[in-house]
Amino acid sequence: MTTTSAGIATAPYQELAAALRGDLIGPDDPGYDQAREVYNAMIDKRPAAIARCRDVIDVISCVRFGRAHGIEIAVRGGGHNAAGLGVWDDALVIDLSLLRSTTVSPDAHTVRADAGCTWGDVDHATVPFGMATPSGFLASTGVAGLTLGGGIGYLARRFGLTVDSLLAADVVLADGTFVTASEDSHSDLFWALRGGGGNFGVVTSFTFRCHDIGEGGTVIAGPVLYDLADAPSVMRWYRELVPSLPEELSGWIALLTIPPAPPFPEALWGRKSCGIVWCYTGPHDRADEVLEPVRTYGSPLLVGLHPMPFNVLQAAFDPLYPAGLQWYWRTDFFKEISDAAIDVHATFGERLPTGHSTMHMYPIDGATSRVPADATAFAYRDGGWAGVIVGVDPDPANAEPISRWARDYWEALHPYSAGGGYVNFMMSEGHDRVRASYRGNYDRLARVKGRYDPDNTFHINQNIEPAR
Ligand SMILES: Cc1cc2nc3c(=O)[nH]c(=O)nc-3n(C[C@H](O)[C@H](O)[C@H](O)COP(=O)(O)OP(=O)(O)OC[C@H]3O[C@@H](n4cnc5c(N)ncnc54)[C@H](O)[C@@H]3O)c2cc1C
């Protein structure tokens, strides 16, 4: 425990500081500005205090303190949320970033990850044993927020969303009690945690099922890039191809500017492109046959498919998107990629405002769509794609143009969407958007919220209002 600053020198905060094993950082402490930073540099919140928790008891102390003194509580896992919902003005931030242990069981095919872990931490623990838990497309994203929203990644076609491999979660509830939620214990809470976000308590650790992938954890993966002018034909081919592929092969499609850095050939640096990042997790002796259509279609600028450990693939794009950039993004689910939608993509792809700005669509099919829509809180299970339009740039002066491009693109595309978006890709867009994203599961989520958090203590998130 370090001493606290004058800003949080009042008696209650001093008592909290004394109770914590971790640090309590206030506005006058030297580490405050760094502690309040999150991944998206567009977010500039000034919390009352940031508690760097060291264990479950620290988390319980913070929840009880916030409740007792009427102080808002924000919860920060990996700090990756683009809407910046891990920090909040005048709130007590429960910062879990020091809780980064993993415990792997190769025999049981499980991994337990503390709530401050990134996916890089989890992959590091599991991939050397030839297995992985479905996660996302980057290593630096937090396990906690990604899991609680659903979790869409390379392994979703074959093994489902991250929540489909969640076996149990340890949770500090709004009343300060501590429970383990699983199919057998607090099953309604467990249902809600699998997609319902941080609405129901502070999760302190997750236990996941792991799946054997590739050969000893080595997959065949990488990008295939085409000229942007080919985007309409590539998108039409891709939308027909993906549903016909074995589930060991997945690929997400993007409109992008080819990064001006190795391993991309210098001749392509800065060129606008349509790309698909493929990942094949099946047996290598079938790889040539399965990958043949994706290697040979059209006139690619680059075919970058190589064997690599799965954790290398997961970390491949992290250096291109370091923390501290400006981010503004918008999302929708799409049942299909219609010709009319492709026209919109072609128009806004030409107008990519900066080198980092991009548009991605991730398949929601295979194992993900075999789980019934009401089996977990994640409601959009009926096939299609999760889309995200991402305005990104290092320069704060470009915050407005990247946001405007993303908003305009989203407004033009939204009429062709399925109606709701992936909560983990949403900014703060209001209650109607949250409701639309949970579809028929919203009312049950509100009932579970009413049971576990009737006062809406945990509301700095994509908020579900408690049913009365
Ligand atoms: C560059 C980038 C790439 C991404 N890629 C993917 C991807 O491939 N697949 C995908 O599905 N998503 C992806 N996401 C979205 C990501 O899932 C969300 O941003 C998610 O919120 C990040 O989780 P976090 O723990 O890092 O975030 P934080 O900012 O720490 O928290 C996000 C939200 O979760 C809540 N929360 C965090 N930890 C806890 C906890 N322990 N208990 C209760 N509530 C908690 C917070 O209160 C907040 O509301 C990506 C995001 C970025 C910025």
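Everything here concerns the structure above.
What counts and how
Residues numbered from 1 in each chain as written. Predicted model: local features only at pLDDT ≥ 70, side-chain atom pairs only at ≥ 80, totals over all residues. Heavy atoms only, no water. 1 Å grid on protein atoms, 1.4 Å probe; cavity = no way out; pocket = protein on both sides within 12 Å on 5 of 7 lines; lining within 4 Å. Points joined across faces, edges and corners; volume = space filled by probe spheres on them. Helix = DSSP H or I, 4+ residues; strand = E, 2+ residues; numbered from the N terminus. Nonpolar A, V, L, I, M, F, W, Y, C, P; charged D, E, K, R; others polar. Core = buried A, V, L, I, M, F, W, Y, C linked by side-chain atoms within 4.5 Å. Buried < 20%, exposed > 50% of the residue type's maximum accessible area, 1.4 Å probe, protein only. Contact = heavy atoms within 4.5 Å. Phe/Tyr/Trp six-rings, centres within 6.5 Å; stacked < 30°, edge-to-face > 60°. Lys NZ or Arg CZ within 6 Å of the ring centre and 35° of its normal. Expected span 1.5 Å × (residues − 1). Arc of directions from axis to C-beta. Pairing = 2+ DSSP bridges. Axes fitted to C-alpha atoms, helices over the stretch in contact; angles between N-to-C directions. Near = heavy atom within 4 Å. Polar contact = N/O pair within 3.5 Å; in protein donor to acceptor, adjacent residues only side chain to side chain. Areas by Shrake-Rupley, 256 points an atom, 1.4 Å probe, with all protein chains shown as cover. Salt bridge = Lys/Arg side-chain N within 4 Å of Asp/Glu carboxyl O.

What about the layout of surface pockets?
Thinking step 1. If you add up the space inside the second largest pocket, you get close to 310 Å³.
Thinking step 2. Those elements that provide at least two residues to the lining of the second largest pocket are strand 12 (218-227), strand 16 (306-309) and helix 10 (310-315).
Thinking step 3. The greatest single-element share of the lining of the second largest pocket, amounting to three residues, is contributed by strand 12.
Thinking step 4. Residues of the lining of the second largest pocket, tallied by class, amount to 14 nonpolar, three polar and no charged.

What about the nonpolar core?
Thinking step 1. Ile-152, Tyr-154, Tyr-238, Trp-278, Phe-310 and Tyr-409 are the most contacted members of the largest nonpolar core, which totals 86 residues.
Thinking step 2. Filtering out sequence-adjacent residues up to four positions away, Ile-152 remains in contact with Ser-135, Gly-136, Phe-137, Leu-161, Tyr-362, Ile-364, Phe-378, Ala-386 and Tyr-422.
Thinking step 3. Ranked by size, the runner-up nonpolar core spans 63 residues in total, among them Cys-117, Trp-119, Phe-208 and Val-448.

Overview of the packing of aromatic side chains
Thinking step 1. The tally for this structure, following the rule as stated, stands at 24 aromatic pairs.
Thinking step 2. Considering the side-chain rings of Tyr-362 and Phe-425, the 5.9 Å spacing of their centres and the 45° angle between planes classify their relative orientation as tilted. Taken together, the residues Tyr-362 in strand 18 (residues 358-363) and Phe-425 in the loop between helix 13 (399-413) and helix 14 (431-438) connect sequence positions 63 residues apart.
Thinking step 3. Relative accessible area serves as the criterion here: at 6%, Tyr-362 is assigned to the buried category.
Thinking step 4. The side chain of Arg-439 reaches across the aromatic face of Tyr-380, ending 3.6 Å from its centre.
Thinking step 5. In this structure, Arg-444 is placed above the aromatic ring of Trp-191, and the distance from its NZ or CZ to the ring centre is 3.8 Å.

A look at helix 13
Thinking step 1. Across its 15 residues, helix 13 extends 21 Å between first and last C-alpha, which sits within 8% of the 21 Å expected from 1.5 Å per residue.
Thinking step 2. Those residues of helix 13 not exposed but buried are Ala-399, Ile-402, Ser-403, Trp-405, Ala-406, Tyr-409, Trp-410 and Leu-413. End-on, the buried residues of helix 13 take up no more than an arc of 160°, which puts them together on one face.
Thinking step 3. Buried residues along helix 13 sit in contact with strand 13 (249-257), strand 17 (326-334), helix 11 (339-350), strand 18, strand 19 (385-393) and helix 14.

Quick word on the sheet that holds strand 5 (residues 102-105)
Thinking step 1. Strand order in the open sheet formed by five strands is 5-6-10-8-9, and the pairing between neighbours is antiparallel. With partners counted over all chains shown, the strands left at the sheet margins are strand 5 and strand 9 (178-182), one partner each. Across this sheet, the average inter-strand angle for adjacent strands is 15°, counted without regard to direction.
Thinking step 2. Relative to strand 9, strand 8 (residues 166-172) is paired through five bridges, and the arrangement is antiparallel.

Comments concerning the site of the ligand
Thinking step 1. Taken together, 34 residues lie near the ligand, and Val-75, Gly-77, Gly-79, Ile-152 and Tyr-422 sit nearest.
Thinking step 2. Gly-77 is positioned such that a nitrogen or oxygen atom in its backbone is 2.7 Å from an oxygen atom of the ligand.
Thinking step 3. Within the contact set of the ligand, an oxygen atom lies 2.7 Å away from a backbone nitrogen or oxygen of Gly-79.
Thinking step 4. Relative to its free-state accessible area of 950 Å², the ligand is covered by the protein chains to the extent of 97%.
Thinking step 5. Contributions of two or more residues to the shell around the ligand are made by strand 3 (73-76), helix 5 (143-149), strand 10 (202-209) and strand 17.
Thinking step 6. No other element matches the four residues that helix 5 contributes to the shell around the ligand.
Thinking step 7. Taken together, the residues that form the shell around the ligand break down as 18 nonpolar, 15 polar and one charged.

Side note on unusual backbone geometry
Excluding glycine, residues mostly have negative phi values, and the peptide bonds linking residues are mostly trans.
Thinking step 1. Cis peptide bonds are those with omega within 30 degrees of zero, and the linkage from Pro-262 to Pro-263 qualifies with 10°.
Thinking step 2. For Pro-263, the position within the fold is in the loop between strand 13 and strand 14 (272-280).
Thinking step 3. Notably, Asp-90 is not glycine yet its phi reads approximately 65°, a positive angle.
Thinking step 4. Relative to the helices and strands, Asp-90 resides in the loop between strand 3 and strand 4 (92-95).
Thinking step 5. Here Asp-90 falls in the exposed class, since its relative accessible area comes to 58%.

A short note on the pattern of salt bridges
Thinking step 1. In the structure shown here, the tally under the stated rule is 24 salt bridges.
Thinking step 2. Between Arg-433 and Asp-332 there is a salt bridge; the shortest N-O distance is 3.2 Å. Residue Arg-433 is located in helix 14, and its partner Asp-332 is located in strand 17; the two are separated by 101 residues in the primary sequence.
Thinking step 3. For Glu-429, the salt bridge goes to Arg-433, with nearest N and O atoms at 2.9 Å.
Thinking step 4. Note on Arg-433: relative accessible area 10%, which makes it buried.
Thinking step 5. Each member of the salt-bridge network shares a partner with another, and the members are Arg-236, Arg-239, Glu-240 and Asp-339.

Considering the environment of Leu-256
Thinking step 1. One can find Leu-256 in strand 13.
Thinking step 2. For the pair Leu-256 and Tyr-321, spaced 65 residues apart in sequence, the C-alpha separation works out to 13 Å.
Thinking step 3. Filtering out sequence-adjacent residues up to four positions away, Leu-256 remains in contact with Leu-225, Arg-271, Lys-272, Ser-273, Cys-274, Gly-275, Leu-352, Ser-357 and Thr-358.

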